[in-house]
Amino acid sequence: ATNVFNGQSSFNVTGTLDFSRRDAPSGHLSVTSKSLDITALEKMFKQFRRAKPAAAPTAPATARSVFHNFQWDFNVKQMRWFGLTATNVLGTIVRDGREVHLKPLQMHLFGAPVMAEGWYVPQGNRTRYAMNISCEQLPLNQLNDYFKIKRTHNYGLLDARFQVAANALNGPEFQKSFLLR
C-alpha cells in the first residue's frame, strides 16, 4: 500500500481481525515499514466512532470508539504523524474502547531516544492520562520550532524521566488532579 509520506513509502501488515462481536471488533496487527505516515490512521479511527445512546433526552450523545482490545505492534524505520517525524519506532499501541495504551512506544525524535508508556482517554478538555516518559539529549530548540512557539533563548538538550497524570487538560479538575514527578 502507498501512503502520502513521500509517495514512495509502503508498509506490511500481518495479523488477525476478529469481527465476531460486530459492535466491538478486535484484532492484533503488526506493522512494519521503512517509511509510514500515520496521520491518515487517526482520521480513519474518527470515522469508526459511534454515538452512545443518550441516558436522558436532555443529555447530549458522546462519541465512543468501537474497537475492543485492538493491538498494533510497530517496527517502523521512519514514521510521520501530522508533520512530526520519528525514526526507529518500536512498540505497541492498544485501542480499547476510548482508551489508548502505549506498551511502551520507543523512537528517536529529532535524533534523540524517547520512550512513552501509559494510557490516555481522549475526551476534549476532560482527556485523562497517565504516562511515563523519558528522553536523552532531546533538542528542545527543534521541538519548540516544530510547535511554532516564538523562541527567545537557546533551550539546549533535555535528559528526563518523569511521570505525568491528570484527569483534564486544564481548569479546576486539572489543578486538582495534575501529578508530575
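Model, not experiment: these values are computed from the prediction. (Residues numbered from 1 in each chain as written. Predicted model: local features only at pLDDT ≥ 70, side-chain atom pairs only at ≥ 80, totals over all residues. Heavy atoms only, no water.)

Caption draft 1: Representation of the pairing of strand β10 (residues 128-139) in the model. Across eight bridges, strand β9 (residues 112-121) lies against β10 in antiparallel orientation. Bridging from a neighbouring strand, Gly118 pairs with Met131 of β10. What sits between β9 and β10 in their antiparallel hairpin is a turn of six residues, with Gly124 showing a positive phi close to 60 degrees. (Pairing = 2+ DSSP bridges. Helix = DSSP H or I, 4+ residues; strand = E, 2+ residues; numbered from the N terminus.)

Caption draft 2: Summary view of the nonpolar core. Ranked by size, the top nonpolar core spans 27 residues in total, and within it Leu36, Phe74, Met79 and Val89 carry the most contacts. Those elements that place two or more of their residues in this core are β2 (26-33), β6 (70-81), β7 (84-96), β8 (99-109), β9, β10 and β11 (157-166). Considering every element that reaches this core, the biggest residue donor is β6, with five residues. In this structure, Val89 is in contact with Phe74, Asn75, Val76, Met79, Leu105, Gln106 and Met107, ignoring residues within four places of it in sequence. (Core = buried A, V, L, I, M, F, W, Y, C linked by side-chain atoms within 4.5 Å. Buried < 20%, exposed > 50% of the residue type's maximum accessible area, 1.4 Å probe, protein only. Contact = heavy atoms within 4.5 Å.)

Caption draft 3: Molecular detail of unusual backbone geometry. In the Ramachandran plot, Phe82 falls in the positive-phi region, its phi being about 50 degrees despite a non-glycine side chain. Tracing the chain through its elements places Phe82 in the loop between β6 and β7. Residue Phe82 is classed as partly exposed on the basis of its relative accessible area of 43%. Not every positive phi belongs to a glycine, and Asn88 is a case in point at roughly 50 degrees.

Caption draft 4: Here's a closer look at the packing of aromatic side chains. This model, assessed by the stated rule, comprises six aromatic pairs. Here Trp81 and Phe82 contribute two aromatic rings whose centre-to-centre distance is 5.2 Å and whose plane-to-plane angle is 75 degrees, an arrangement assigned as edge-to-face. The interplanar angle of 40 degrees and the centroid separation of 4.8 Å between the aromatic rings of Phe174 and Phe178 together place this pair among those described as tilted. The exposure class assigned to Phe178 is partly exposed, which follows from its relative accessible area of 36%. Ring pairs connect the aromatic residues Phe67, Phe70, Trp72 and Phe74, which therefore count as one cluster. (Phe/Tyr/Trp six-rings, centres within 6.5 Å; stacked < 30°, edge-to-face > 60°.)

Caption draft 5: Quick look at the pattern of salt bridges. Taken as a whole and judged by the stated rule, the model has two salt bridges. For Asp145, the salt bridge is made with Arg151, and the minimal N-O distance between the two is 2.5 Å. A relative accessible area of 38% means that Asp145 is categorised as partly exposed. As a salt-bridge pair, Glu173 and Lys176 come within 3.4 Å of each other at their nearest N and O atoms. Remark: Lys176 and Glu173 occur in helix α3 (residues 171-177); sequence separation between them is three residues, near one turn of the helix. A relative accessible area of 65% places Lys176 in the exposed class. (Salt bridge = Lys/Arg side-chain N within 4 Å of Asp/Glu carboxyl O.)

Caption draft 6: Expanded view of the environment of Lys103. Mapped onto the secondary structure, Lys103 falls in strand β8. Residues Lys103 and Met115, spaced 12 residues apart in sequence, show a C-alpha to C-alpha distance of 9.9 Å. The residues touching Lys103, leaving out its near neighbours within four places in the chain, are Thr92 and Val94.

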